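Observations on chain architecture
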Amino acid sequence: MSSIEFRKDLFADERDDNLNEIGKPKLRQDIEGHVRGRTAYYDDHLFDGLLHMRCVRSPHHHARVRSIDSAGAERMAGVRRVVRASDVPHNINTLLSLIGFGRDDEQLIADRKVAYKGEPVLAIIAETEAQARAACAAVRVDWEVLPHVLDVEEALTPGAPVVNEEYPNNCFDYAPYDHVKLRFGDVEAGFAQADRIVEATYEMSPIEQAPIETCGAIAAPETSGRYVCHTGTQALFFSLGTTAKLLDMPSSKLHFIGGTVGGGFGGKVDSLTEPMAVLGAVLTGKPVKFQWDREEEMQVGAPRGAERWIIKDGVMADGRIVARQFTGFFDAGAYTRLSSYAGTKGTGHLPGPYSIPNVASNVFCVYTNRTPATAMRGFGITGVDFAIECHMDRVAEAVGADPIHLRILNAYRDGDMKAHRRRAKNCALVECCQVAAGKAGWRVSPEDMAASSKTGTTADRQAIPETALDEDGRIGDRKAGRMPSARPAKGTKRLPAGTHGRDHKAVPVQRPDMQQLAERVGHRVAPERDAAPAASPTVPARAPDTPTPATAPSRPTAAPPATSSPPAEARPAAAPPQPMPQLQPAQPKPYEPDTPFRQGVRRPGVSRFLSGSRRR
Amino acid sequence: MAQTPVRFTLNGRETGLFVEEAANLLDVLRRGAGDISPKYGCGQGTCGACTVLIDGAPHLGCLTLAATVEGREVRTTGGMADGPGLTALQTAFMEGFAAQCGFCTPGMLMAAKALLDRNPQPTRDEVIEAISGNLCRCTGYEPIVDAILAASGQRGAA
Amino acid sequence: MTTVRTLATVAEAVSERGHVLGGGTLLMREVNYRPETVTEILRITDASLKEIRIEMSRITLGAGVTMAAVAARAELAALAPSARSVGGPAIRNMATVGGNLFAPHPYGDFAAALLALDARVHWAGGREEEIESFLAGRDRASGLVTAVSFVPPARGGFRFRKVSRTKPKGVSLMSIAANLTLSGSRVERARIAFGAMGPTPLRAKAAETALEGKTLDEAGIARALTVATDGLAPPDDALASSWYRDRVAPVHLSRLLLERS
């Protein structure tokens, strides 16, 4: 049936092979519907008297709307309702506001200004799709075309046009900085020590997910004042929450039905079509379909955003990488959507699966007049992984090393300290390299074949080095011309060796009824603990003040954050780090393993495959 | 809006509908005849999700003016299996994991059926050519090609 | 929609705003996306439009002949590769010879083949026009094309190549058709047409002249390659830039001319 090969020789002691399903062919539970053509996607729910909604869209990258003349369109055959920006009850949102991250910056229907080609300024509901199209074509919009910017680095220059008024510096605010900072060790010292410096720039264009089913939704009034919405969304409750917010209606009035998606790949999380369809149903009292055609899917459907990465490595003649510096740009397009998260998630991934003692990174989420970007397979990771692995080959060439050897030499081993101050665990890159080389017929030295992810960590690789810090790139500095370079600056302060990152606390939820009850879902909201044996119990869980308090007056801002958790980044700059012990005493003491967490849980009499959280 | 009558057989059944003059066959099959198996993916002949058989040959529903099927025989994936059993082609798709989201599947099945009806023992290249007008974004084409080849080995059972 | 059964009544039915429905692959896309631009659809059911007439000195293809029908005829084997280069199987069951003559960039690969064949375009009412002048004026033309005809190419003299990013079905970066009259290995007369290298299929006249009298080897075609894109206007589009098309055209022309026939 398939050519999946199970390499049970690897990590054999960490796995239970008495499995009934895994590793065996299994029919998909939904596949009979697929081959019978009976699977019902959102558009397969037929409604009598269905109305069709379509948008009037901007032909310009950046323009002000002087006026809209829809008088002719309103009189056309079949037209039931013209929907204006003013018809949207709460016409401002940002997707991640549902988890309290970022500020509202995008309208469902733009009223004053458009910031990307294809942004909607008006919608028309008509009895047939053709009538809705014809009416949209008859709408006259008076545009005042504005200068636009389509390149991330250009957008960060002081004179660039302001794309998104909510973020006038053309980049997302990772307070107090305009970028995500990661500092580990001292890259400048690493470069000075290195035998070779290898630097290159990598770019990835936007990629459209291009699902065969285009984005869309059908909404209809139900009895009891509710609205049903059939949707192709990948994120049903995200879409429901977003619709409730934009339409300013209780979520209990919305009955969302989804889960059958004609391909998504990340392109169906932006929740743009559901609020439109429900709004149409509210305004007309009829079932309304809002469906993108293929041209819209390609033009206004949010793609994986463009990325640019500049990587600078310091490498020893034997191939050990001793310093790696990143300057990364995520092109968010005109609005934030999920790109702010890409910045933190991408940073959490650095410097790739390699033990490098000195790492520095500045990552920007930049606004340009391009189509807003969103998730796609491997969101936030794919571009930088592409860059890192291309760079590994370049480094190998520079020092005359075999590219597989270079990877095995530098690969994480279990127990190594990562740049964001977590221990590497469940590492497998060494084994991946060995298997891939075997498949490709690539000769690997006996020493590299004998290497293992489970051995090879050293005290040096486990240590958190003394770290050089800087406070460059505060919000607004770049716009004011005070920051000519986007690259990590030379550190002016030092953080002592062994300093962990600060703790993160969960952000308060936006609506009280969304509060997760810890005892109901069975896991604590608490900071991750370092379970590795090398971690000294006396290491404080939060960053101490830096040793040079004269230059850090208010707070230990420079303590590098663990960057994989976006909500923490959004915390106001002035808030002092707050450990979260108050939740702990009330809880029963959780199971604490006496050995480091490895693949699977090891507790007597319990399956090793407990995820750690479990429903009651 | 001007309506015009059109009569054709749909999966062997006499069907008569009033359709808008400029309506395409895809819309008429889905909203008029209630056969949801052909899918809308592009409306411009790029994706093949609306592939149906007209007089046995694959056509794109979205680019076929509905009025032109007057008197002709239309077949869709919705009418492939008559009863609880599946055809060999459907079974091969099912067992060969040749569908993931399933959205391209009805079009793929029609393109594949058109091929096997005409050429019961196709080569791999002929299969690839036969589904070249049908896009799939998730499963990838290999399992689909494999499934069609597998079905060709047991056509008699269909 | 108006249905016209015979060509004799076409003149009455053709109006300024009417659109003739061929296979529908272009017109229905307009109907689906920009219905306000298509106010009337003319459908012509005259059987002569589907006729393929094969004579010793001339081949005539009715405007309603589909790409699949061209590809299926043994006598048209030389043209089969260009017919098969259009769309996928479903598109080829629908798309017609007449429609391809009007297909805007980047479509019209079959029209490029007809251009290399010096085809003649037949209008309803009896007027005939050389395909080159037809293509130049097609956007302003009014009337109904009923057929195209051409002299059958010499055995092995007609070559066609479509360059696209995906195979077997992909939109043209360019297509190239060459109709060569050979005397031994010497080129006596050459017709070279490019599709997707301008607003309509265009002839590469400089390359044609440079090829005449030369042998089909690397040295013989060198001059033709250097002037391959003279007079062409390769467009920028989502598939390729004008710059790219201009640079790779000689490479693909060289492969076409040097391929073993």
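Residues numbered from 1 in each chain as written. Chains lettered and ligands numbered in written order. Predicted model: local features only at pLDDT ≥ 70, side-chain atom pairs only at ≥ 80, totals over all residues.

**Concerning the overall build of chain B**
Just so we agree on the cut-off: The secondary structure listing takes helices from DSSP runs of H or I that are at least 4 residues long and strands from runs of E that are at least 2 residues long, numbered from the N terminus. Each radius of gyration is computed over the set of C-alpha atoms, and the globule rule expresses the reference value as 2.2 Å times the number of residues to the power 0.38. The exposure scheme places C-beta atoms from the backbone and then counts, for each residue, the other C-beta atoms within 10 Å of its own, assigning buried at 20 or more, exposed at 12 or fewer, and partly exposed in between. Throughout, a pair of residues is in contact if the C-beta atoms placed from their backbones lie within 7 Å.
Counting its secondary structure elements, chain B contains five helices and five strands. Mapped from its N terminus to its C terminus, chain B presents α and β elements in the order β-β-α-β-β-β-α-α-α-α. Radius of gyration (C-alpha) of chain B: 15 Å, near the 15 Å computed for a compact globule of 158 residues. The C-alpha extent of chain B, read off along each of the three principal axes, is 45 × 30 × 25 Å. Within chain B, the proportion of its 158 residues that are buried is 58%. Contacts in chain B between residues far apart in sequence, at least 24 positions, make up 58% of those at least 6 positions apart.

**A word on the domain arrangement of chain B**
Residue and element names in this part refer to chain B. For the record, the criterion: For each domain, the first and last residues come from an automatic or database assignment. Ten residues, namely Ala, Val, Leu, Ile, Met, Phe, Trp, Tyr, Cys and Pro, are considered nonpolar, four, namely Asp, Glu, Lys and Arg, are considered charged, and the remaining ones, Gly among them, are considered polar.
When cut into domains, chain B gives domain 1 (3-79) and domain 2 (88-157). Taken over C-alpha atoms, the centre of domain 1 sits 21 Å from the centre of domain 2. Contacts between the two partners involve 14 residues from domain 1, matched on the other side by 13 residues from domain 2. Among the secondary structure elements, those contributing two or more residues to the side of domain 1 that touches domain 2 are β3 (51-54) and β4 (57-60). Class assignment for the residues of the side of domain 1 that touches domain 2 results in eight nonpolar, five polar and one charged.

**Structural notes on the interface of chain B and chain A**
Across the boundary between the two partners, chain B contributes 36 residues, which contact 29 residues of chain A. Counting only elements with at least two residues in the side of chain B that touches chain A, the list comes to α2 (88-95) and α3 (105-118) of chain B. The residue inventory of the side of chain B that touches chain A, partitioned by class, reads 20 nonpolar, 13 polar and three charged.

**As for the sheet that holds strand β4 (residues 52-54) of chain C**
Residues and elements named next belong to chain C. Stated precisely, the cut-off is as follows: Criterion used throughout: strands pair if DSSP finds at least two bridges between them. Every axis in this analysis is a line fitted to C-alpha atoms, fitted for helices over the stretch in contact. Angles between the N-to-C directions lie between 0 and 180 degrees.
As summarised here, the arrangement of the five strands in space is β4-β5-β8-β6-β7, forming an open sheet in which the pairing is antiparallel. Bordering the open sheet on either side are β4 and β7 (128-130), each of which pairs with just one other strand. Averaged over all pairs of adjacent strands, the angle between strand axes in this sheet comes to 20 degrees, irrespective of strand direction. Looking at chain direction, strand β6 (residues 120-123) and strand β8 (residues 145-150) are connected through four bridges and run antiparallel. Pairing of His 122 across the sheet is with Ala 147, part of β8.

**So, unusual backbone geometry**
Residue Leu 350 of chain A is joined to Pro 351 of chain A through a cis peptide bond whose omega torsion reads 5 degrees. Relative to the helices and strands, Pro 351 of chain A is located in the loop between α9 (339-348) and β15 (359-367). The step from Lys 167 of chain C to Pro 168 of chain C runs through a cis peptide bond, and the omega angle for that step is 5 degrees. With respect to the helices, strands and loops of the structure, Pro 168 of chain C is situated in the loop between β9 (158-164) and β10 (172-183). Although it is not a glycine, Phe 97 of chain B adopts a positive phi angle of roughly 55 degrees. By secondary structure assignment, the location of Phe 97 of chain B is in the loop between α2 and α3.

**Considerations on the environment of Asp 146 of chain B**
All names here are of chain B. Assignment of secondary structure puts Asp 146 in helix α5 (residues 141-152). Taking the C-beta count within 10 Å as the criterion, Asp 146 has 19 such neighbours and is therefore assigned partly exposed. For the pair formed by Asp 146 and Asn 11, sequence separation is 135 residues and the distance between their alpha carbons is 26 Å.

**Side note on the confidence of the model for chain C**
Under the convention used in this document: The pLDDT value tells you how sure the predictor is about a given residue, anywhere from 0 up to 100.
Per-residue pLDDT for chain C has a mean of 94; in total, 98% of the residues score no lower than 70. For this predicted complex, the interface confidence comes out at an ipTM of 0.96, alongside a pTM of 0.87.

**A short note on the sheet that holds strand β9 (residues 216-221) of chain A**
All names here are of chain A. Strand order in the open sheet made by the seven strands is β3-β5-β1-β12-β9-β10-β11, with mixed pairing throughout. Each edge of the open sheet is held by one strand with a lone partner, namely β3 (79-83) and β11 (254-257). Each adjacent strand pair in this sheet contributes to an overall mean axis angle of 25 degrees, direction not counted. Sheet topology note: the β9/strand β10 (residues 227-231) ladder contains five bridges and is antiparallel. Looking across to β10, one finds that Ala 219 is bridged to Cys 229. Across the sheet, helix α3 (residues 129-138) lies against β1 (51-57), β3 and β5 (120-126), angled at about 25 degrees from β1, the strand it touches most. Here helix α7 (residues 273-284) sits on the sheet and contacts β1, β3, β5, β9, β10, β11 and β12 (288-291); the angle it forms with β9, its principal contact strand, is near 25 degrees.

**Considerations on the packing of helix α11 (residues 403-410) of chain A against helix α12 (residues 429-440) of chain A**
All names here are of chain A. So the rule is basically this: Note on angle classes: values under 35 degrees are labelled roughly parallel, values over 145 roughly antiparallel, values of 65 to 115 roughly perpendicular, and the remainder oblique. Crossing handedness is defined as follows: a turn of the near helix away from the far one that is anticlockwise and smaller than a right angle gives a left-handed crossing, while the clockwise case is right-handed.
Direction vectors running N to C along α11 and α12 enclose 160 degrees, while the axes themselves pass 9 Å from each other. One finds that α11 runs roughly antiparallel with respect to α12. For the element pair α11 and α12, the recorded crossing hand is left-handed. Facing Ile 404, Arg 407 and Ile 408 of α11, the residues of α12 in contact are Leu 429, Val 430, Cys 433 and Ala 437. Grouping the amino acids of the contact of α11 with α12 by side-chain chemistry returns six nonpolar, no polar and one charged.

**Some points on the environment of Thr 455 of chain A**
With respect to the helices and strands, the residue Thr 455 of chain A is situated in the loop between α13 (446-450) and α14 (459-462). Linking Thr 455 of chain A and Arg 413 of chain A, residues 42 residues apart in sequence, is a C-alpha distance of 6.4 Å.

**Focus: the domain arrangement of chain C**
Residues and elements named next belong to chain C. Looking at the assigned domains, one finds that chain C contains domain 1 (2-102 + 118-150) and domain 2 (158-258). Computed over C-alpha atoms only, the centres of domain 1 and domain 2 are separated by 25 Å. Contact residues are listed per partner, giving ten residues for domain 1 and ten residues for domain 2. Those elements giving two or more residues to the side of domain 1 that touches domain 2 turn out to be α4 (80-84) and α8 (131-137). Residue classes in the side of domain 1 that touches domain 2 are distributed as three nonpolar, four polar and three charged.

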